[in-house]
Amino acid sequence: FRRASGGTSVVSAEGLDALVADSARSCVPAENETGALALARSTLLPRYGDHVRTYFNVGSRQSAVTAEARVEAVAPDSVEVVFSSGVRQRVPLSWIEDAGSRSTSSRSLATGEMGKAHTPGAVGLLNLGNTCYMNSLLQCLAGTSDLVAFFLHGAEGDMSQSQNQSSASEVLREFAALLHEIWRGERRAFAPVKFRAAVSKACDLFEESIQHDSQEFAAYLLDCLHEELSRRQGQGFRSTPPRFLDSSNGHQLRQNGEAEAAAKSWSQHLERGASIIVNLFQGQLRSQIRCFCGFTSTKFEAFMYLSLPVVNSRGKPLQTLAECLREFSAEERLSGSEQWFCSQCQHHVDAMKRLTLWKIPLILLVHLKRFSMGGAMDAVSKEDLSSFDWNRQVSPSMEKLSHLVDFRMEGLCLQEQGTSPAASLYKGDPVYDLFAVVDHEGDAGFGHYTAAVKHAQNGRWHRFDDNVVTAISPSEVKSEEAYLLFFRRRGGHAELSNGS
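Residues numbered from 1 in each chain as written. Predicted model: local features only at pLDDT ≥ 70, side-chain atom pairs only at ≥ 80, totals over all residues. Heavy atoms only, no water.

(A) Highlighting the pattern of salt bridges. With the rule as written, the count across this model stands at 15 salt bridges. Of the charged contacts, one joins Lys201 and Glu170 as a salt bridge, the two residues approaching to 3.5 Å between their closest N and O atoms. Taken together, the residues span a long stretch of sequence, with Lys201 in helix α6 (residues 193-202) and Glu170 in helix α5 (residues 167-184) at a distance of 31 residues. Within the structure, one salt-bridge network assembled from shared partners comprises Glu80, Arg88 and Arg90. (Salt bridge = Lys/Arg side-chain N within 4 Å of Asp/Glu carboxyl O. Helix = DSSP H or I, 4+ residues; strand = E, 2+ residues; numbered from the N terminus.)

As structure tokens, then:
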């Protein structure tokens, strides 16, 4: 994901409308176009990884000849390329003379080989200038059948016209409209201009046309949707933290057990705001800190997603998702500057901390921590994100961990991984099946996001590369580029009302 990209042009939503209209005519085949012609039209605009011939900057002037280069990033009216010499430049889109080579699949939906070209739910999204991070995440959410059912069929009251004109309300409305457009299937691809404009207005972090992190965007968008839906329920959102129960404030844990304490903590969490986002995506963690004097503090915290390490405490790569889950739940020693204040010892001491899953969500969103995001995001990755300042830029390190983390696409059993205490209660078996993945190709300095999503109706997997939608086999889903994993719990039932 690209954080600093000097010279990127930023255009208004009105300017993008005209750009997108031209792009759509070039990228989306007409009804009577099939085969090679349709595919040719769908590949006119350069994308990340394309090899092109382009003019280059000589001082402040355009060169007289072209040279071969590789596309690294695309903005609405310019392209960042790297030449064979290693020189990196941002050049106007009009300087690209030859689209060159691109790895394409003969099974692209644009060719019509899948039969019906306008397959509802398999509709591409045009890149509006480094928006692949947004497009890939949106495709995964559009493949979340329970969320789609809520916005398309169960949200009439919640999505009714409101006098509230807040930026969050606009994001909610445009997100709902985007899902409707994808599942109408009237176009092979369209430009999410209004949704992008709403997000840019609501959050300064995503205002500029630079590459961002898809996981950060997922956390922001889900939190934004939750707060607005909660507000429409008339609950509002109270920022006061819930009162956690631990072994220092009474005998409730010993008398009534952890189950009752967890239930009370969850009830307090819902009082702060309930929504369909909570119903689908949120679960509960048990956090225990144990002092060597024998005193233990137990807290229960809500989570929206699991950020799992992909290396262990010694820096050794973890090879499977099961190993990542076990590492997440392994005890860690708090020492040095991380010492814990023990209320029994009445001073800061070394202690042992462990996180375990207590209440599991219907939709489990797993974030593989391939990037070192800096202290800000790590500090909130396992907490309620409502208090996080999304307008604050988070600076990542320049390291990406690109090894393969293998995972089960069907039948992932959390209890087998030792990530949950035996006392925790589940409404059904904690077994999950994969239905969507966000991939990141490249390194921490630049890259490109795509998504692989299992169609909610026909069960087929598709690769979403911005406006290009390609049918793939299940064997093509796993790769060392997997970044966000979406699982659904078997046998789980979604309450489609906005709340719990």
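That was the structure; now back to the text.
(B) Up close: the packing of helix α3 (residues 132-142) against α5. Where α3 contacts α5, the two axes come as close as 11 Å, and the packing angle between them is 70 degrees. In terms of orientation, α3 lies roughly perpendicular with respect to α5. From α3, Leu138, Gln139, Leu141 and Ala142 reach across to α5, where they touch Phe175, Leu178, Leu179, Ile182 and Trp183. Residues belonging to the contact of α3 with α5 are distributed by class as follows: 8 nonpolar, 1 polar and no charged. (Axes fitted to C-alpha atoms, helices over the stretch in contact; angles between N-to-C directions. Parallel < 35°, antiparallel > 145°, perpendicular 65-115°, else oblique. Contact = heavy atoms within 4.5 Å. Nonpolar A, V, L, I, M, F, W, Y, C, P; charged D, E, K, R; others polar.)

(C) Representation of the state of the cysteines. As enumerated under the stated definition, the model contains 0 disulfides in all. As a non-bridged cysteine, Cys224 has Cys203 as the owner of its nearest cysteine sulfur, 8.6 Å distant. With no disulfide of its own, Cys345 lies closest to Cys293 among cysteine sulfurs, the gap being 3.6 Å. (Disulfide = S-S within 2.5 Å.)

(D) Region of the structure containing the nonpolar core. Ranked by internal contacts, the top residues of the largest apolar core, which has 61 residues, are Phe175, Phe195, Phe217, Leu221 and Phe486. The element best represented in this core is helix α7 (residues 214-232), accounting for 9 residues. Contact partners of Phe486, with chain neighbours within four places excluded, come to Leu137, Cys140, Leu141, Thr144, Leu364, Leu365, Asp433, Leu434, Phe435, Ala436 and Val438. Judged by nonpolar contacts, the second largest core, of 31 residues, contains Leu364, Trp461, Leu485 and Phe487. (Core = buried A, V, L, I, M, F, W, Y, C linked by side-chain atoms within 4.5 Å. Buried < 20%, exposed > 50% of the residue type's maximum accessible area, 1.4 Å probe, protein only.)

(E) Main features of the environment of Arg61. With respect to the helices and strands, Arg61 occurs in strand β3 (residues 61-62). Look at Arg61 and you get exposed, because its relative accessible area is 55%. Among residues more than four places away in sequence, those in contact with Arg61 are Phe56 and Trp95.

(F) Broad picture of unusual backbone geometry. You will see that Asn130, though not glycine, has its phi angle at about 60 degrees, which is positive. Residue Asn130 is classed as buried on the basis of its relative accessible area, which comes to 5%. Unlike most non-glycine residues, Asp466 shows phi in positive territory, near 55 degrees. Tracing the sequence through the fold places Asp466 in the loop between β21 (461-465) and β22 (468-472).

(G) Expanded view of the sheet that holds strand β16 (residues 351-359). Judged by pairing direction, the sheet is antiparallel, and its 4 strands sit side by side in the order β11-β10-β16-β13 without closing on themselves. The sheet is open, and its two borders are formed by β11 (296-303) and β13 (332-334), each paired with just one other strand. Between one strand and the next, the sheet's axes are offset by a mean angle of 30 degrees, whatever the strand orientation. Both strand β10 (residues 283-291) and β11 contribute to a ladder of 8 bridges, which runs antiparallel. Residue pairing for β11: Leu285 is matched across the bridge by Glu301. (Pairing = 2+ DSSP bridges.)

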